[in-house]
Amino acid sequence: MSLAQDTPARPARRREEPDHQASLIVQGADATGIVAALTALLSRHGANIVSLDQYSDNPQGGAFFQRTVFTLPGLQSALPTLRADLDQHLVKGFGLRYTLRDLSVPKRVAIFASKSDHCLLDLLWRHRQGQLPVSIPMVVSNHPDVAEEVRSFGIPFFHVPSMGPDKSAAEAEHLRLLRDNVDFVVLARYMQILSGDFIERAGVPIINIHHSFLPAFIGAGPYAKAKERGVKLVGATAHYVTEDLDEGPIIEQDVVRVTHAHTAADLTRRGADVERAVLSRAVLWHAEDRVIRDGNHTIVFA
């Protein structure tokens, strides 16, 4: 097992945000009075609601989802009292689940990539420009090809070879690198299948990007196969990874139209463009707590 580590990442420029801004995600069975109770609770603590999005899949006993962003001076010191109040009134009072997070602390993401670098470099560029409110403690690849380009962004790079049917050694090294260091993982065209054991033991959300075609073209050269079949749309899907390959909850999708005049190379280029856009939106929305998972379904407050 070879391992290469570079210098620590330079801090990215971040968008201007108050250091006392928080997100509150609430979900559970719908009931009368949830929104009123929540807003009253935040008001009692002196919080000012910046945005509030909610969705109920059935007002008559369906599922309820809400994302609230608020500001509260002295947030860090107020969090324990606020959580105790939420436990009392939302959990015990309504049987709801919630997550509360200080938005001034960016989520930590590990990016996995292979030889194809268009999605990887797009995320690193957006991060450097302050367009993604995350920190990137590492890029991991099963090939060394992207090491120099990653190094130019000041991001630590780890080369972990993964060859043959037995991936256990590589996955053990991945788990060692990830342990207590990341909040989620992004597969930026990482061309390896993750085992169910790895997904479970990683213990963090994993986001994947792949091309979307109708009909589906599996295996190598999908754009050449798409050209042969005369497809009229190429697209991409970003989704959470589950043990069922490419069947996890969908975060974002998009398509671009193509014609008979486009070559396989044209399709590949246009496909890469839409893959970059879809993945970056999915990463941004996850980083900002805009995606709520509900089984194999997602609610996205974009």
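Rules used throughout
- Each residue is numbered by its place in its chain's sequence as written, counting from 1.
- Local features in this predicted model are restricted to residues whose pLDDT is 70 or higher, and side-chain atom pairs enter the listing and the counts only when it is 80 or higher, whereas totals over whole chains, interfaces and linings include all residues.
- Only hydrogens and water are removed before side-chain values are computed, so all heavy atoms of the structure are retained for them.
- Pairing of aromatic side chains here covers Phe, Tyr and the six-membered ring of Trp, requires ring centres within 6.5 Å, and sorts the geometry by plane angle: under 30 degrees stacked, over 60 edge-to-face, intermediate tilted.
- Every helix listed is a DSSP run of H or I at least four residues long, and every strand listed is a run of E at least two residues long, numbered separately from the N terminus.
- When a residue's accessible area, from a 1.4 Å probe over protein chains only, is under 20% of the maximum for its type it is buried; when over 50% it is exposed; and in between it is partly exposed.
- Each patch groups residues whose relative accessible area exceeds 30% and which form no salt bridge, using 9 Å between like charges and 5 Å between nonpolar side chains of Val, Leu, Ile, Met, Phe, Trp and Tyr.
- Throughout, the Shrake-Rupley method with a 1.4 Å probe supplies accessible areas, and for residues the shown protein chains are the sole cover considered.
- Throughout this description, the term salt bridge denotes a Lys or Arg side-chain nitrogen within 4 Å of a carboxyl oxygen of Asp or Glu.
- Counting rule for charge: Lys and Arg are taken as positive, Asp and Glu as negative, and neither His nor the chain ends is counted.
- Think of each charge as sitting on NZ of Lys, CZ of Arg, CG of Asp or CD of Glu.
- Read the arc as the range of directions from the helix axis to the C-beta atoms.
- Two residues qualify as a contact provided that any one of their heavy atoms is within 4.5 Å of a heavy atom in the partner residue.
- For two strands to be treated as a pair, DSSP must find at least two bridges joining them.

**Q** Is there a simple way to explain the packing of aromatic side chains in this structure?
**A** The geometry of two aromatic rings is summed up by the distance between their centres and the angle between their planes. With the rule as written, the count across this model stands at two aromatic pairs. Ring centres of tyrosine 55 and phenylalanine 65 lie 6.3 Å apart, and the angle between their planes is 20°; this geometry places the pair in the stacked category. Note that tyrosine 55 is positioned in strand β2 (residues 48–56) and phenylalanine 65 in strand β3 (residues 63–71), a separation of ten residues in sequence. For phenylalanine 65, a relative accessible area of 2% puts it in the buried group.

**Q** Can you walk me through a negative patch on the surface in this structure?
**A** Taken together, the side chains of Glu200, Glu243, Asp244, Asp246 and Glu247 define an acidic patch exposed on the protein surface. Positionally, aspartate 246 belongs in the loop between β10 (233–240) and β11 (250–257).

**Q** How should helix α7 (residues 222–229) be read in this particular structure?
**A** At 3.6 residues per turn, the α-helix brings residues three or four places apart onto the same side. Those residues of α7 that fall on the buried side of the exposure criterion are Pro222, Tyr223 and Ala226. Down the axis of α7, the buried set is contained in an arc of 95°. They therefore lie on one face. In the core, the buried residues of α7 are packed alongside β9 (206–212), β10 and α8 (264–287). In the segment just after α7, glycine 230 is the residue with positive phi, at about 70°.

**Q** Which parts of the structure should I look at to understand the pairing of β9?
**A** In regular strands, side chains alternate between the two faces of the sheet. Across the seven residues that make up β9, a large majority, six, are buried. Taken together, the three bridges between strand β8 (residues 184–187) and β9 define a ladder with parallel strand orientation. In the sheet register, valine 185 faces β9, and the bridge partner there is isoleucine 206. With six bridges joining them, β9 and β10 adopt antiparallel strand pairing. In the strand pairing of β10, asparagine 208 is matched with histidine 239.

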